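Given next are the chains, with one letter for each unit.
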Amino acid sequence: MKLGTMAWLLAAALLMPLAATATGVRIVGEHLPPSSMMEGNVVVGRETLKVREIMARAGIVYSIELLPWKRAYALALRELDTCIFSTTRTQEREAQFRWIGPLNEAEWVLYGLAERRLALRTLDDAHGLTIGTVLGDARDDYLRQRGLNVAAVTQEWLNPQKLLMGRIDLWAVGMAVGSKPFAGKEWENKVVPLLTFNRVQTYLACNRQLPEAQAAAMQRAASAMRRDGSMAREQLR
């Protein structure tokens, strides 16, 4: 995405009439820098910009906000014309949403404290250790189903704090392939990747009652962005 386009999308978000958002598509996500975060009163971030461009290309009025993940997920399941990003597409979730994307390819990685020098070759090696997750997240479900001991929180930013304090042994992180999610954090060199345990794709997941014409327009926009390289360019920001 060119810088001018990005600036236009942010300006459009600020100027969107409140009356228009009430009748448009409601898009929800979670606070998860650098993918989605607040800048003043505007939701920004790498994945946020992809969603904004999809909606702009599709010509659909929308609002966008950040909530705790479990609440956002419940809203998308329950409320007409509501979508959630960035959502891992799994077999268990397949019939629950209309899927727009993919937005990104992601890896699920177990991180631990560098000073502990833990060694993991498979998930079986993590049995007996406590893994930090987010309540209702696909990683949380995946690990629970395999008998791992998880300690779920309502918001992701709590997990690095718990890891640094020794309240969990591992942290299950979802990250864009090739990204450096902790670059610039004061604790960046204190945590290390120990095991990549899954590779998935993430989507904009919409309520099943979203009108088919809108879903089709959004999917055409997402597909065009993949063809013209817009999706890949945003992943590198």
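The present account deals with the structure reproduced in this document. Every value quoted in this text rests on a predicted model; they were computed, and no experiment measured them. Throughout this description, residue numbers start from 1 for each chain and increase along the sequence as written. Local features are withheld for residues below a pLDDT of 70 in this predicted model, meaning they are given only at 70 or higher, and side-chain atom pairs are given and counted only at 80 or more; totals for whole chains, interfaces and linings count all residues. Note: side-chain values were computed over all heavy atoms of the structure, leaving out hydrogens and water.

Our focus in this paragraph is unusual backbone geometry. Residue Ser86 is bonded to the preceding Phe85 through a cis peptide linkage, with omega at -20 degrees. Mapping Ser86 onto the fold places it in strand 5 (residues 82–88). A cis amide bond links Gly101 with the next residue in sequence, Pro102, at an omega value of 10 degrees. At Asp81, a position not held by glycine, the phi torsion is positive, near 60 degrees. The backbone of Arg117 shows a phi angle near 55 degrees, a positive value even though the residue is not glycine. For the purposes of this entry, the term helix denotes a DSSP run of H or I that reaches at least four residues, the term strand denotes a run of E that reaches at least two, and both are numbered from the N terminus. With respect to the helices and strands, the residue Arg117 is situated in the loop between strand 6 (97–113) and strand 7 (130–134).

Take the environment of Leu143 next. If you trace the backbone, Leu143 turns up in helix 5 (residues 138–145). Residue classification places Leu143 among the buried residues on the basis of a relative accessible area of 0%. Spatially, the C-alpha atoms of Leu143 and Leu123 are 8.9 Å apart, while their sequence positions differ by 20 residues. Pairs of residues are marked as contacts when any of their non-hydrogen atoms sit within 4.5 Å. For Leu143, the residues in contact, after removing those within four places along its chain, are Leu123, Ile131, Thr133, Leu148, Val150, Ala172 and Phe197. For every residue, the accessible area (1.4 Å probe, protein chains only) is compared with the maximum for its type, and the residue is labelled buried under 20%, exposed over 50%, or partly exposed between those bounds.

Here we come to the pattern of salt bridges. Salt-bridge detection follows one rule: a side-chain nitrogen of Lys or Arg within 4 Å of a carboxyl oxygen of Asp or Glu. Enumeration according to the criterion identifies 14 salt bridges in this entry. We note a salt bridge from Arg26 to Glu79, for which the minimum N-O separation is 3.1 Å. Here Arg26, found in strand 1 (residues 25–29), pairs with Glu79, found in the loop between helix 4 (69–78) and strand 5; they are 53 residues apart in sequence, far enough to count as distant. The partly exposed category is assigned to Arg26, whose relative accessible area is 22%. On the basis of relative accessibility, which here comes to 27%, the residue Glu79 falls in the partly exposed class. Between Arg226 and Glu105 there is a salt bridge; the shortest N-O distance is 3.3 Å. Taken together, the positions of Arg226 in helix 7 (residues 212–228) and Glu105 in strand 6 put the pair 121 residues apart, joining distant regions of the chain. By relative accessible area, which is 25% here, Glu105 ends up partly exposed. A cluster of three or more residues bridged by salt bridges with shared partners is formed by Arg26, Glu65, Arg78 and Glu79.

For the rest of this paragraph, the subject is the packing of aromatic side chains. Centre distance within 6.5 Å is the pairing criterion for rings of Phe, Tyr and Trp, where only the six-membered ring of Trp is used; planes under 30 degrees apart are then read as stacked, over 60 as edge-to-face, and the remainder as tilted. What the rule picks out here adds up to 11 aromatic pairs. Taking the centre distance of 5.0 Å and the plane angle of 75 degrees together, the rings of Tyr111 and Phe182 count as edge-to-face. Separated by 71 residues along the polypeptide, Tyr111 in strand 6 and Phe182 in the loop between strand 9 (170–176) and strand 10 (191–207) bring together distant segments of the chain. Residue classification places Phe182 among the buried residues on the basis of a relative accessible area of 8%. Pairing Phe182 with Trp187 gives two aromatic rings, centres 5.0 Å apart and planes at 50 degrees, and the pair type is tilted. Neither residue differs from the other here; Phe182 and Trp187 are each classed as buried.

Okay, the state of the cysteines next. What counts as a disulfide here is a pair of cysteine sulfur atoms lying within 2.5 Å. This structure, assessed with the given rule, holds 1 disulfide. Between the sulfur of Cys83 and that of Cys206 lies a disulfide, 2.1 Å long from S to S. On the sign convention where negative means left-handed, the S-S torsion of about 105 degrees between Cys83 and Cys206 marks this disulfide as right-handed. You can see Cys83 sitting in strand 5 and its partner Cys206 sitting in strand 10, a full 123 residues away along the chain. The buried category is assigned to Cys206, whose relative accessible area is 0%.

Along helix 4, the residues that are buried comprise Trp69, Ala72, Tyr73, Leu75 and Ala76. Viewed along the axis of helix 4, the buried residues span an arc of 160 degrees, placing them on a single side of the element. Within helix 4, the exposed residues directed more than 90 degrees away from the buried face are Arg71 and Arg78. Elements in contact with the buried residues of helix 4: strand 1, strand 5, strand 6, strand 7 and strand 10. The directions from the helix axis to the C-beta atoms are what the arc is built from.

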